Amino acid sequence: MKRFAVLQLSGCSGCEVALLNAEQWIDNYDLEYMTLVMSAYEIPEVEILLISGGIRSEVDLYKLRRAVCKADQVIAVGTCAISGGVANLGDRQAVNEIFLNEADRLHLPDILPTCRPIDTEVDVDLYLPGCPPTPDLFMAVLEEKPDLKIARTVCQECGLKKERDMRPKHLLGFQQGEVLSDICLVNQGYLCIGTSTRGGCQAICTLAGNPCVGCRGPSDAFIEKDSQVWFKSIQRVFSHMTDIPGTEIDQALRSPQLSMFLFQFADYADIGQAPRPKEKVI
Ligand code: SF4
Ligand code: SF4
């Protein structure tokens, strides 16, 4: 049986819960280490090391450097490992002020100046984006499926009907209005970015009536491009399908509830790092 471990850095444990939901691995893989469900101090030598969470503290950095030496293959899993995710929001000034106040942070690990994705520190063999990735995607990386079929975009997996004559004039909020189950959410005035988000999740959000917020990150068409190219593409989709002013779309794309995922569409320019190669992204 193949041996694998899951190293959790700063994140929310959502990826681990998604992996536990993918119960097909249980008969074929030995899970050697995952702090969410088992107590062990050290990661043993393993064939596959899945890493979730970003590098937020010195403890994260220490654990990461020690763990990657023990694995044949290193896989970055989820938004936090790939772009910083939830913990990245801690780079905001208000959060910094609380955490960097020494009196308030007794017993906390030393916080690094910024939260970083793991490939700023170690080599990564594969990237599995998602927040969290679905159980099927976890199985795909564990089983190294060479024939895995993933659509280029969430939009292709979604397939909701696009209507020429249904052109909203303003955006609806995420939780507003009654959602029609067979019509594209953009036609209904929701900010769905499935047109530029990589497929693989089987459009679980949009088919349940929730707009795609891009947790799988950019599709291959955008992964190596500047974030402005992506911004323009979303604007084009909305001007083609709706009468919503571009300024309204622009403002909504910069809203806090999307920022966690949209880092993935914009992170390279900020950290001065070369784009991760699309061949390595599941
Ligand atoms: S709801 Fe979103 S993902 Fe589905 S067809 Fe419309 S734009 Fe594409
Ligand atoms: S539909 Fe979008 S937000 Fe939902 S799981 Fe898929 S990529 Fe993530």
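Note that the structure is a prediction, hence the values are computed from the model and not measured. (Residues numbered from 1 in each chain as written. Chains lettered and ligands numbered in written order. Predicted model: local features only at pLDDT ≥ 70, side-chain atom pairs only at ≥ 80, totals over all residues.)

### Quick word on the overall build of the protein
Scanning the protein from N- to C-terminus turns up 11 helices and seven strands. Against the globule reference of 19 Å for 282 residues, the protein gives a C-alpha radius of gyration of 20 Å, in line with a compact fold. Every one of the 282 residues in the protein was classed for burial, and the buried ones make up 39%. Once local pairs closer than 6 in sequence are excluded, the contacts in the protein between residues at least 24 apart make up 76%. (Helix = DSSP H or I, 4+ residues; strand = E, 2+ residues; numbered from the N terminus. Rg over C-alpha atoms; globule rule 2.2 N^0.38 Å. Buried ≥ 20, exposed ≤ 12 C-beta atoms within 10 Å, placed from the backbone. Contact = placed C-beta atoms within 7 Å.)

### Quick notes on the sheet that holds strand β7 (residues 126–128)
Here we have five strands laid out as an open sheet, ordered β2-β1-β3-β5-β7, and parallel in their pairing. What marks the edges here is a single partner per strand, and that holds for β2 (29–34) and β7. Within the sheet, the average angular offset between the axes of one strand and its neighbour, ignoring direction, is 25°. The sheet contact formed by strand β1 (residues 2–8) and β2 spans five bridges and is parallel. If you follow Lys 2 over to β2, its bridge partner there is Tyr 29. Contacts between helix α1 (residues 14–21) and the sheet are confined to β1, β2, β3 (46–52) and β5 (71–77), with β1 contributing the most and set at about 155° to the helix. (Pairing = 2+ DSSP bridges. Axes fitted to C-alpha atoms, helices over the stretch in contact; angles between N-to-C directions.)

### Description of the site of ligand 2
Around ligand 2, the structure places Val 154, Thr 197, Cys 201, Ala 203, Ile 204, Cys 205, Thr 206, Cys 212, Val 213, Gly 214, Cys 215 and Arg 216. The residue makeup of the shell around ligand 2, split by class, is eight nonpolar, three polar and one charged. (Near = placed C-beta within 6 Å. Nonpolar A, V, L, I, M, F, W, Y, C, P; charged D, E, K, R; others polar.)

### Brief notes about the domain arrangement of the protein
With domains assigned, the protein is organised as domain 1 (2–142) and domain 2 (154–270). Centre-to-centre separation of domain 1 and domain 2, based on C-alpha positions: 27 Å. Taken together, the contact pairs 13 residues of domain 1 with 12 residues of domain 2. Contributing elements (two or more residues each) for the side of domain 1 that touches domain 2: α3 (78–83) and α4 (85–88). Considering only residue class, the side of domain 1 that touches domain 2 consists of six nonpolar, seven polar and no charged. (Domains from an automatic or database assignment.)

### Considering the environment of Thr 134
Tracing the backbone shows Thr 134 in the loop between β7 and α6 (135–142). Expressed as a C-alpha distance, the spacing of Thr 134 and Ile 249, which sit 115 residues apart in the sequence, is 28 Å.

### Some details on the site of ligand 1
Taken together, 13 residues are adjacent to ligand 1, and Cys 155, Cys 158, Cys 184, Cys 192 and Gly 194 come closest. Among the residues forming the shell around ligand 1, the class breakdown is 10 nonpolar, three polar and no charged.

### Here's the deal with the packing of helix α9 (residues 227–241) against helix α10 (residues 246–253)
α10 packs onto α9 with a crossing angle of 135° between their chain directions and a minimal axis gap of 10 Å. Considering their axes alone, α9 and α10 lie oblique with respect to each other. Every pair of crossing elements has a handedness; the one defined by α9 and α10 is right-handed. From α9, Phe 231, Ile 234, Gln 235, Phe 238 and Ser 239 reach across to α10, where they touch Gly 246, Ile 249 and Leu 253. Each residue belonging to the contact of α9 with α10 can be placed in one class, and the counts come to five nonpolar, three polar and no charged. (Parallel < 35°, antiparallel > 145°, perpendicular 65-115°, else oblique. Left-handed = near helix turned anticlockwise from the far one by under 90°.)

### Focus: the environment of Cys 115
Structurally, Cys 115 is set in strand β6 (residues 111–116). By the C-beta count within 10 Å, which is 25 here, Cys 115 ends up buried.

### Considerations on α1
Buried within α1 are the following residues: Cys 15, Glu 16, Ala 18 and Leu 19. The buried residues of α1 all sit within an arc of 160° when viewed along its axis, so they share a single face. Residues of α1 that are buried in the fold lie against β1, β2, β3, β5, α3 and α6. (Arc of directions from axis to C-beta.)

### A look at the nonpolar core
The biggest cluster of nonpolar side chains holds 66 residues, and the ones touching the most others in it are Ala 5, Leu 7, Leu 49, Ile 51, Ile 75 and Ala 76. A domain-level breakdown of this core finds at least three residues from each of domain 1 (2–142) and domain 2 (154–270). Contact partners of Ala 76, with chain neighbours within four places excluded, come to Ile 51, Ala 81, Ile 82, Ile 118, Asp 119, Val 124, Tyr 127 and Leu 128. (Core = buried A, V, L, I, M, F, W, Y, C linked by C-beta atoms within 7 Å.)

### Notes on the pairing of β3
Where burial is concerned, most of β3 is hidden: six out of the seven residues are buried. Here five bridges tie β1 to β3, and the two strands are oriented parallel to one another. Within β3, the position partnered with Phe 4 by the bridge is Ile 48. The pairing of β3 with β5 spans six bridges and is parallel. What sits directly across from Val 46, in β5, is Ala 71.

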